[in-house]
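Observations on chain architecture
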Amino acid sequence: MRNLDDYPFEIRPLSADDGGGFLITYPDFNVCMSDGETVAEAIANGRDALIGTIAALEEAGHPVPSPNSGGVASGKFVARVPKSLHAALAARAKAEGVSLNALVLTFMAEGMGRAHHISA
């Protein structure tokens, strides 16, 4: 028997353009998400979505991911930065004709490369 409480989830606010409220996703399941007007409602709706997702996978004979199998390093994270840094990065990305994500990823990769050469 699975303990649904073992599955990690992420909650983020939705913009007014997206209808407001909160979105809940489960890193272990790339197709399991829900929303709600409040965090509590999003969690309750997310639990229902998780139950349905697991049932559908089992019914179709597909494997059900173990808790924390997809959330350890999903390749996605959110970082809060000072507004001045955000503005400077956005201006630099625009000047170079790339997305903000691409610019920041490049800076991070360059920094990791330098750190690797220093420690090697």
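The next thing to look at is unusual backbone geometry. Positive phi, normally seen in glycine, also occurs at N68, with a value near 65 degrees. As for its placement among the helices and strands, N68 is situated in the loop between α1 (39–59) and α2 (83–96). Taking relative accessible area as the criterion, N68 reaches 41% and is therefore assigned partly exposed.

Our next topic: the pattern of salt bridges. Side-chain pairing between opposite charges can occur once the charged atoms of the two side chains come close. Using the criterion set out here, one finds two salt bridges in the structure. Between R47 and D5 there is a salt bridge, and its shortest N-O distance comes to 2.9 Å. Placement of the pair is R47 in helix α1 and D5 in the segment before β1 (10–13), with a sequence separation of 42 residues. What makes R47 partly exposed here is its relative accessible area of 36%. The exposure class of D5 is exposed, given its relative accessible area of 58%. For E96, the salt bridge is made with R92, and the minimal N-O distance between the two is 2.4 Å. One end of the pair, E96, and the other, R92, are both in helix α2, four residues apart, so they sit about a helical turn from each other. We classify R92 as partly exposed; its relative accessible area is 42%.

Rules used in this analysis
- Residues numbered from 1 in each chain as written.
- Predicted model: local features only at pLDDT ≥ 70, side-chain atom pairs only at ≥ 80, totals over all residues.
- Heavy atoms only, no water.
- Helix = DSSP H or I, 4+ residues; strand = E, 2+ residues; numbered from the N terminus.
- Buried < 20%, exposed > 50% of the residue type's maximum accessible area, 1.4 Å probe, protein only.
- Salt bridge = Lys/Arg side-chain N within 4 Å of Asp/Glu carboxyl O.

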